[in-house]
Amino acid sequence: MKGFKFPLPPSMSWIAALIALLLWAPTTSLAESSSPAARRIEAYYQQLMPTLRAAGSLSVRQRDQRFGPAINSAFDIGTMTRLATGPAWSSFSGAQQAAVRDAFAHFLVADYAHQVSDYSGESFVVDPQTSPESRGGGEIVKTQLVQPGGRTVQINYLVRGGRVVDVYLNGTVSDLATRRDEFASILAGGGGADALVKTLRQRTETLLGS
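Residues numbered from 1 in each chain as written. Predicted model: local features only at pLDDT ≥ 70, side-chain atom pairs only at ≥ 80, totals over all residues. Heavy atoms only, no water.

Caption draft 1: Up close: the pairing of strand E3 (residues 139–146). With two bridges joining them, strand E2 (residues 131–132) and E3 adopt antiparallel strand pairing. Along E3, the bridge assignment pairs Pro132 with Glu139. The pairing of E3 with strand E4 (residues 152–160) spans eight bridges and is classified as antiparallel. Paired with Leu145 across the bridge in E4 is Val153. (Pairing = 2+ DSSP bridges. Helix = DSSP H or I, 4+ residues; strand = E, 2+ residues; numbered from the N terminus.)

Caption draft 2: Structural view of the packing of helix H3 (residues 60–74) against helix H7 (residues 192–208). Taken N-terminus to C-terminus, the directions of H3 and H7 make an angle of 120 degrees; their axes are 9 Å apart at the nearest point. Classified by the angle between their axes, H3 and H7 sit oblique to one another. When H3 is examined against H7, the residues Val60, Arg61 and Asp64 are found in contact with a partner set consisting of Glu205, Leu207 and Leu208. Looking at the contact of H3 with H7 residue by residue, the class counts come to three nonpolar, no polar and three charged. (Axes fitted to C-alpha atoms, helices over the stretch in contact; angles between N-to-C directions. Parallel < 35°, antiparallel > 145°, perpendicular 65-115°, else oblique. Contact = heavy atoms within 4.5 Å. Nonpolar A, V, L, I, M, F, W, Y, C, P; charged D, E, K, R; others polar.)

Caption draft 3: Expanded view of helix H2 (residues 36–53). Helix length check: H2, at 18 residues, gives a terminal C-alpha distance of 26 Å against a target of 26 Å (1.5 Å per residue), a fit within 8%. At Gln47, H2 shows its largest kink, close to 30 degrees, and the proline Pro50 lies no more than four residues downstream. Taken together, the buried positions of H2 are occupied by Ala37, Ala38, Ile41, Glu42, Tyr44, Tyr45, Leu48, Met49, Thr51 and Leu52. The N-cap of H2, judged by a side-chain oxygen 3.1 Å from the amide nitrogen of Ala37 a few residues on, is Ser35. (Expected span 1.5 Å × (residues − 1). Bend = angle between axes of the 7 residues up to and from the residue. Buried < 20%, exposed > 50% of the residue type's maximum accessible area, 1.4 Å probe, protein only. Polar contact = N/O pair within 3.5 Å; in protein donor to acceptor, adjacent residues only side chain to side chain.)

Caption draft 4: Structural detail: the packing of aromatic side chains. All chains considered together, the criterion is met by four aromatic pairs. Aromatic pair Phe75 and Tyr112: ring centres 6.4 Å apart, planes at 80 degrees, arrangement edge-to-face. Highlighted residues: Phe75 in the loop between H3 and helix H4 (77–85) and Tyr112 in helix H5 (residues 94–115), separated in sequence by 37 residues. Tyr112 carries the same exposure label as Phe75, and that label is buried. Summarising the aromatic geometry, the rings of Phe104 and Phe183 are spaced 5.9 Å apart at their centres and angled 90 degrees between planes, so their arrangement reads as edge-to-face. Placement of the pair is Phe104 in helix H5 and Phe183 in helix H6 (residues 175–187), with a sequence separation of 79 residues. When sorted by exposure, Phe104 lands in the same class as Phe183, which is buried. Ring pairing ties together the aromatic residues Tyr44, Phe75 and Tyr112, which thus form one cluster. (Phe/Tyr/Trp six-rings, centres within 6.5 Å; stacked < 30°, edge-to-face > 60°.)

Caption draft 5: Looking closely at the environment of Gly136. Following the sequence through the fold, Gly136 ends up in the loop between E2 and E3. Residue class for Gly136 comes out partly exposed when judged on its relative accessible area of 49%. Sequence separation of Gly136 and Arg160 is 24 residues, and the distance between their C-alpha atoms is 9.0 Å.

Caption draft 6: Main features of the pattern of salt bridges. As enumerated under the stated definition, the model contains three salt bridges in all. Notably, a salt bridge pairs Arg160 with Glu133, separated by 3.6 Å at the nearest N-O pair. Taken together, the residues Arg160 in strand E4 and Glu133 in the loop between E2 and E3 connect sequence positions 27 residues apart. Among the residues examined, Arg160 registers a relative accessible area of 26% and is labelled partly exposed. Here Asp175 ties to Arg179 by a salt bridge, and the two come within 2.5 Å at their closest N and O atoms. Highlighted residues: Asp175 and Arg179, both in helix H6, separated by four residues, approximately one helical turn. Per residue, the accessibility class of Asp175 equals that of Arg179, and both read buried. (Salt bridge = Lys/Arg side-chain N within 4 Å of Asp/Glu carboxyl O.)

Caption draft 7: Geometry of the nonpolar core. Core analysis: the largest hydrophobic core is formed by 55 residues, its most contacted members being Tyr44, Phe67, Ile71, Phe75, Val141 and Tyr157. For this core, the leading source of residues is H5, giving 10 residues. Leave out the neighbours within four places in its chain, and Phe67 touches Leu48, Thr51, Leu52, Val109, Tyr112, Ala113 and Val116. (Core = buried A, V, L, I, M, F, W, Y, C linked by side-chain atoms within 4.5 Å.)

Caption draft 8: H5, seen in detail. Over its 22 residues, H5 runs 32 Å from end to end, which matches the ideal 32 Å to within 8%, given 1.5 Å per residue. Regarding H5, the residues found buried are Gln97, Val100, Ala103, Phe104, Ala105, Phe107, Leu108, Val109, Ala110, Asp111, Tyr112 and Ala113.

Written as structure tokens, this is what we have:
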């Protein structure tokens, strides 16, 4: 595979959509009767808002430093890394698994920081009630990005144990599935965990250097 590029859905990547969602107007506080998972997503948005509002005056590396704690807290990076790596994960040593997790976590935060460069003002809605996820357990938190003219983009989160393990653009396009395909392409080259770590780190530095 040439490079490390996550394919885009027809309209935009889920990260681009999510960043657009986060850049726009803050949420209205959810009712106490709302699902804990829905309140967790709202709290995540609110935690990011100070940095998002200041995005235009911050460098990409400054945004990366500020986004890190919120993203690493809200997302189950360990589970996401294991699922994205697939069967090869069990063949990695403990040290290799830790290195892949660390590289992926830095990449994910850097991708957010790279996408966000300014602050605009629209709206988004978090559904206070969730639906069960049938395959591996957990809850689906539904959100809508509401754009000028009334266009909406559905962005759903799979939450397990209070943390995000997948994001679905337009309700169905799984980010985790896309990452799994990309990881598989890298691992197919025969370099194993070391190749995956190297590619993720290179991609991270490219994002932060822009």
